[in-house]
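Secondary and tertiary structure notes
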Amino acid sequence: MYALQFRKLSLGYDHQPAIHQLHAEITTGSLTAIVGPNGAGKSTLLKGVMGMLTPMEGSLAFGSLSRENIAYLPQQSDIDRSFPITVVEVVSMGLWKEIGPFGWLNKTNQVRVDKAIAAVGLTGFESRVIGSLSGGQMQRVLFARLLLQDAQLVLLDEPFNAIDTRTISDLINLIERWHGEGRTILAVLHNHETVQTHFPQTLMIARELVAHGPTKNVLTAENQFRARQMCEACTGPPHVCGKSAA
Amino acid sequence: MIWDTILQPFAEYGFMRRALLGCIAISLGATPVGTFLILRRMSLTGDAMAHAILPGAAIGFLISGLSLIPMTLGGLVAGLLVALLSGFVTRMTSLREDASLAAFYLISLAIGVLIVSMRGSNVDLMHVLFGTVLALDDATLILLCSISSLSLVILALFFRPLVLECADPQFLRSVSGLSAITHFTFLLLVVLNLVGGFHAIGTLMAVGVMILPATAARFWATSIGGMIVTAVAIAMISSLIGLLLSFHFSLPSGPAIILVNGLIYGMSLSFGPVGGLVAQTTAKQHIQI
């Protein structure tokens, strides 16, 4: 049973595919790391899954899921940290699916928000504005929001960028908890050690599929070398590619 | 003393009472919109939209002279057209929103000036640019009050999506399809309040009531609600003081109101407890201890 299937999927901007004819299947309940060099199309792939990009060719299929059942954590830079909003307000947004634009936070939901904040270790920070948080604390806030979204498919785009090791290990605990609850998780990661220790499955891409399967079979030196070569050969528009290599 | 300087002008002269009511209506409607403009880093969008509504108002003027309804509708149509066109270009091409908005509002402004100079006199142009707050008639007052009531209702309805659209647009897009609707409703509010504002204090000065109190409020409040309330209060106090200054010293009222707003902004910048200059110096001393 698959949660997500890429069927010869091409995604890109301005007629240039950043992902080219990707064919792969993500099993329901799997914990998968997406790895690949810079410019390999990892973030593009997640945006495609979220429907923020229309496929140039091929398609995407969700098993029994619908788009409302997906939670997405983009790279941190997308959030306006100077906006005057507090930790508890950001975390409460995770309940959007249930309360929508007009609903009130009832007692039960307030307790859930408090629990989510406690689960990421930020109790006591509820009324702090997000501008006063450190990078690691901010990422904890976003994870608390993800907790409340209660999604079956969780997409994480470089969730551990510029974050200290203690925060990383706390957040990995949360990810493993989700995995234990049978959720499907896809995370774009750079640190291969983290991938080897905590992620059973790996999808390696370099615009095209390099390898997909159990992490120890995918994260080989040979595959990594091949991925780097594939990416370096493709730094310009596709039709210029061949000429510049010559 | 208090009677003479503050109360007497309003007690004795109907036009002063009307002016105050008009300004209070603008403060209630435009200032909350302005608060969101600065939080979305779109402060200059207000300025651009103010220029963009000019040709519509001018066409209205061309058809029926200085009358309320045609100029209001014209301004509204021109403003919305520029907002929609620039939004469309931004989504369809690689041009960013600020650039496409600039392109359209400049074209719009040139058309407006052309139309006004073909038909009207400079006095009429001055009327559109700087308003006539001391000569508000019943119809204009009703229009101003309706616009501010409408924008308060719309803001209340769209408050949550609007906050999300400002703070974390990608999250809003990932959980709901309201993103585009929220954006255009917000632009509609900007245009609506500018069109209302230009009858009273002119297109250019209306932007001042939108933006200045909101920027000043940033130095007093840490929450969005707090910012909006502070900004509205600042706008109202500035209107009152501005109108009185204009009355006692025969100053043009629009600029007087905006300059009082500017003065309060300067004071907030210096003495505001949230990141004001003085607060920053004292904060540094704390760290050194």
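Model, not experiment: these values are computed from the prediction. (Residues numbered from 1 in each chain as written. Chains lettered and ligands numbered in written order. Predicted model: local features only at pLDDT ≥ 70, side-chain atom pairs only at ≥ 80, totals over all residues.)

1. A closer look at the overall build of chain A
A tally of regular secondary structure across chain A gives 10 helices and 9 strands. Taken against the 2.2 N^0.38 rule, which gives 18 Å for 246 residues, the C-alpha radius of gyration of chain A at 19 Å falls within 12% of a compact globule. Each principal axis of the C-alpha atoms in chain A carries an extent, and together these give about 65 × 35 × 35 Å. Here the analysis covers contacts within chain A between residues at least 6 apart in sequence; of these, 70% occur between residues at least 24 apart. (Helix = DSSP H or I, 4+ residues; strand = E, 2+ residues; numbered from the N terminus. Rg over C-alpha atoms; globule rule 2.2 N^0.38 Å. Contact = placed C-beta atoms within 7 Å.)

2. Let's talk about the interface of chain A and chain B
Listed as interface residues are 15 residues of chain A and, on the opposing side, 19 residues of chain B. Residue composition of the side of chain A that touches chain B, grouped by class: 12 nonpolar, no polar and 3 charged. (Nonpolar A, V, L, I, M, F, W, Y, C, P; charged D, E, K, R; others polar.)

3. A word on the sheet that holds strand β8 (residues 201-206) of chain A
Residues and elements named next belong to chain A. One open sheet accounts for 6 strands, arranged β5-β6-β7-β3-β8-β9; its pairing is mixed. The open sheet has two edge strands with one neighbour each: β5 (70-73) and β9 (208-214). Neighbouring strand axes in the sheet, compared pairwise and without regard to direction, differ in orientation by 15 degrees on average. Where strand β3 (residues 31-35) meets strand β7 (residues 184-188), 4 bridges bridge the pair, whose relative direction is parallel. Each residue of the ladder has a partner; that of Thr32, found in β7, is Leu186. Here helix α1 (residues 42-49) sits on the sheet and contacts β3, β5, β6 (153-157), β7 and β8; the angle it forms with β6, its principal contact strand, is near 150 degrees. Strands β8 and β9 of the sheet are contacted by helix α9 (residues 221-232), whose axis makes an angle of about 160 degrees with β9. (Pairing = 2+ DSSP bridges. Axes fitted to C-alpha atoms, helices over the stretch in contact; angles between N-to-C directions.)

4. Here's the deal with the nonpolar core
Residues and elements named next belong to chain B. Membership of the largest hydrophobic core comes to 157 residues, with the highest contact counts inside it found for Ile53 and Val191. A per-element tally of this core places helix α2 (residues 14-39) first, with 12 residues. Not counting residues within four places of it along the chain, the set of residues in contact with Val191 comprises Met49, Ile53, Leu76, Gly79, Leu80 and Ala83. (Core = buried A, V, L, I, M, F, W, Y, C linked by C-beta atoms within 7 Å. Buried ≥ 20, exposed ≤ 12 C-beta atoms within 10 Å, placed from the backbone.)

5. Some words on the environment of Leu53 of chain A
Residue and element names in this part refer to chain A. Take Leu53: it is sitting in the loop between α1 and β4 (57-62). Measuring from C-alpha to C-alpha, the distance between Leu53 and Leu11 comes to 7.0 Å, with 42 residues separating the pair along the chain. The residues touching Leu53, leaving out its near neighbours within four places in the chain, are Leu11, Thr44, Lys47 and Gly48.

6. What to know about the domain arrangement of chain A
Residues and elements named next belong to chain A. In terms of domain boundaries, chain A breaks down into domain 1 (1-65 + 152-164 + 182-246) and domain 2 (76-151). Counting from both sides, the interface comprises 8 residues of domain 1 and, opposite them, 6 residues of domain 2. Tallied by class, the residues present in the side of domain 1 that touches domain 2 amount to 5 nonpolar, 2 polar and 1 charged. (Domains from an automatic or database assignment.)

7. With respect to the confidence of the model for chain B
This prediction gives chain B a mean pLDDT of 87; 96% of its residues lie at or above 70. Complex prediction metrics read pTM 0.85 and ipTM 0.81. (pLDDT = per-residue confidence, 0-100.)

8. Examining helix α3 (residues 43-52) of chain B
All names here are of chain B. Judged by how many residues are buried, α3 sits mostly within the fold: 7 of 10 residues are covered. Within α3, burial applies to Thr45, Gly46, Ala48, Met49, Ala50, His51 and Ala52. For α3, the secondary structure elements touched by its buried residues are α2, α4 (54-64), α5 (68-92), α6 (97-119), α10 (179-200) and α11 (202-217).

9. Quick look at the pairing of β9 of chain A
Residue and element names in this part refer to chain A. As paired elements, β8 and β9 share 6 bridges and run antiparallel to each other. From the neighbouring strand, Thr202 faces β9, where its bridge partner is Gly213. What sits between β8 and β9 in their antiparallel hairpin is a turn of 1 residue, with Arg207 showing a positive phi close to 70 degrees.

10. Quick word on the sheet that holds strand β2 (residues 16-27) of chain A
Residue and element names in this part refer to chain A. Strand order in this open sheet of 3 strands is β2-β1-β4, and the pairing throughout is antiparallel. Each edge of the open sheet carries a strand with a single partner, namely β2 and β4. Ignoring strand direction, the axes of neighbouring strands in this sheet form an average angle of 15 degrees. Inspection of the sheet shows strand β1 (residues 2-13) paired to β4 by 5 bridges, in the antiparallel sense. When the bridges of β4 are listed, Leu4 appears paired with Phe62.

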